[in-house]
Each structure stands twice: as structure tokens, then as C-alpha cells.
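Working through the structure, step by step
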Amino acid sequence: MKCPFCSSENTRVIDSRPADDNNSIRRRRLCDDCNKRFTTYEKVETIPLIIVKKDNNREQYDRSKIEAGVLRACHKRPISAEQISRLVDEVEVELFNREDKEVPSTVIGEILMDKLKDLDPVAYVRFASVYREFKDVNTFMSELKKMLDK
């Protein structure tokens, strides 16, 4: 494993333990050249999940796209990187537990909105405004009213 700091291949594992989700192994590593520590995760490789987009195009599942959308929604909010990572992990577990090889992107969006609603209402509204493509202030207000009525 290459060191992310100095790119040396001279690294070693100093600690291994199951990750929070018990579906991966967290390894603490030490670079013998620069003495910096870093963490890696080892996961079981699964059958690739195909995402069916709104225009019926298909592409392979990419965790980074979900993370990027959540990060944009949570920008300047009091939400830690760990909370975001945990939320994305929960979404991933839910997706991979469905035994479908193809999942519509709308399903992912709805799962994300449910989880964001519990995490932070402002992040939820930000995500929903992009995801649901609010065309005007009235649609935005009706979504806010739905959220406030619950």
C-alpha cells in the first residue's frame, strides 16, 4: 500500500479491527519512510450495482457521487465528515441489501432525502431543491410546509 503523503511503498499495518459497519476492516498503517500514519479500509468486492438514470442511461454505482451531493447539501452546516460518511454508509448498505442488480437513481435520491431529513433540515431542503428540480418559489415553499407539518 502506497503512503498517501510521500508515495513510498514501504508501509506496514500496525492495527486491524472491524469497521463500524462490520462489513469492512479498518487498518491503521505506518509509513516507514516518513513515519506518518494513515487509515485504509478493506471491503468485500460485490457484484457491481448498476444505476438507471432519469434518461434511462445506465452507469456503474459510484459512492463518490453520493458523497459529493451530500457534501454540497451540508456545506457550511454543523455536520461532521464522520456523520456524512456514516450517512453514505447507511445508504450503501440499504442499496446493496436490495437484491436488485439495477437500481433507479430516483430510489437513491429518496433514500438520501429520508436520511438527510433526520440529520439536518437545511441540508435536506438544499438536497431536495436540486433533486426535485424546484422550478419556482412556490414549489420550494410547499416542500418546506410539508417538512414543517411533520
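The present account deals with the structure reproduced in this document. (Residues numbered from 1 in each chain as written. Predicted model: local features only at pLDDT ≥ 70, side-chain atom pairs only at ≥ 80, totals over all residues. Heavy atoms only, no water.)

1. Brief notes about the layout of surface pockets
Here the idea is plain: a probe the size of a water molecule rolls over the atoms and shows the empty space left. Counted only if it meets this: Points on a 1 Å grid, built from protein atoms alone, make a cavity when a 1.4 Å probe fits but cannot get out and make a pocket when they are open with protein on both sides within 12 Å along at least 5 of 7 lines; residues with an atom within 4 Å of a point are the lining residues. Grid points are joined across faces, edges and corners, and a volume is the space filled by probe spheres set on the points. Only DSSP runs of H or I covering at least 4 residues are called helices, and only runs of E covering at least 2 are called strands; the numbering of each starts at the N terminus. Side-chain classes are defined by residue name, with Ala, Val, Leu, Ile, Met, Phe, Trp, Tyr, Cys and Pro counting as nonpolar, Asp, Glu, Lys and Arg as charged, and the others, Gly among them, as polar.
Here the largest pocket defines a volume of roughly 610 Å³. Residue lining of the largest pocket: 21 residues in total, with Lys-53, Lys-65, Leu-112, Phe-127 and Tyr-131 positioned closest to the centre. Sorting the residues of the lining of the largest pocket by element identifies strand E5 (58–60), helix H1 (63–73), helix H3 (105–119) and helix H4 (121–131) as the ones contributing at least two each. Ranked by residue count, the leading element in the lining of the largest pocket is H1, at five residues. When its residues are assigned to classes, the lining of the largest pocket shows nine nonpolar, four polar and eight charged.

2. Some words on the sheet that holds strand E2 (residues 24–31)
By definition, the strands of a sheet pair up through backbone hydrogen bonds, in either a parallel or an antiparallel sense. Counted only if it meets this: A strand pair is defined by DSSP finding two or more bridges across the two strands. As a rule, the C-alpha atoms of each element are fitted with a line to give its axis, helices using only the stretch in contact, and angles between N-to-C directions run from 0 to 180 degrees.
Here we have three strands laid out as an open sheet, ordered E1-E2-E3, and antiparallel in their pairing. Looking at strand neighbours, the two that pair on one side only are strand E1 (11–18) and strand E3 (37–43), the edges of this open sheet. On average, each strand axis in the sheet is inclined to that of its neighbour by 30°, with strand direction left out of account. Note that E2 and E3 share seven bridges and pair antiparallel. Within E3, the position partnered with Arg-28 by the bridge is Thr-39.

3. Regarding the packing of aromatic side chains
Rules: Pairing of aromatic rings covers Phe, Tyr and Trp, the last counted by its six-membered ring, and requires centre-to-centre distances within 6.5 Å; plane angles under 30 degrees mean stacked, over 60 mean edge-to-face, and any other angle means tilted.
Under the counting rule described, the total for this entry stands at two aromatic pairs. Between Tyr-61 and Phe-96, the ring centres sit 5.5 Å apart and the planes meet at 85°, which makes this aromatic pair edge-to-face. Taken together, the residues span a long stretch of sequence, with Tyr-61 in the loop between E5 and H1 and Phe-96 in helix H2 (residues 81–97) at a distance of 35 residues. Ring geometry for Phe-127 and Tyr-131: centres 6.0 Å apart, planes at 15°, overall stacked. Pair noted here: Phe-127 and Tyr-131 are both in helix H4, with a separation of four residues, about one helical turn.

4. As for the pattern of salt bridges
So the rule is basically this: For this analysis, a salt bridge means a side-chain nitrogen from Lys or Arg found within 4 Å of a carboxyl oxygen belonging to Asp or Glu. Three labels apply to residues, based on accessible area from a 1.4 Å probe with only protein chains included: buried if under 20% of the type maximum, exposed if over 50%, partly exposed otherwise in between.
In the structure shown here, the tally under the stated rule is 15 salt bridges. Notably, a salt bridge pairs Asp-100 with Arg-98, separated by 3.7 Å at the nearest N-O pair. A relative accessible area of 33% means that Arg-98 is categorised as partly exposed. Three or more residues joined by partner-sharing salt bridges are found here, namely Lys-43, Arg-63, Glu-67, Asp-89 and Glu-92.

5. Quick look at the nonpolar core
Spelled out, the test is: Grouping buried Ala, Val, Leu, Ile, Met, Phe, Trp, Tyr and Cys residues that are joined through side-chain atoms within 4.5 Å yields what is termed a nonpolar core.
Counting 28 residues, the largest nonpolar core has Ile-66, Val-70, Leu-95, Leu-112 and Leu-116 as its most contacted members. Those elements that provide at least two residues to this core are H1, H2, H3 and H4.

6. Re the packing of H1 against H2
Our working rule: We call two directions roughly parallel when the angle between them is under 35 degrees, roughly antiparallel when it is over 145, roughly perpendicular when it lies between 65 and 115, and oblique otherwise. Here a crossing is called left-handed whenever its near helix is offset anticlockwise from the far helix by less than a right angle, and right-handed whenever the offset is clockwise. Any two residues having at least one pair of non-hydrogen atoms within 4.5 Å are treated as being in contact.
It is at 10 Å that the axes of H1 and H2 come closest, and there the two elements cross at 135°. Classified by the interaxial angle, the pair formed by H1 and H2 is oblique. Crossing angle aside, the handedness with which H1 passes H2 is right-handed. Contacts between H1 and H2 involve Arg-63, Ile-66, Glu-67, Val-70 and Leu-71 from the former and Ile-84, Ser-85, Leu-87, Val-88, Asp-89, Val-91, Glu-92 and Leu-95 from the latter. Each residue belonging to the contact of H1 with H2 can be placed in one class, and the counts come to eight nonpolar, one polar and four charged.

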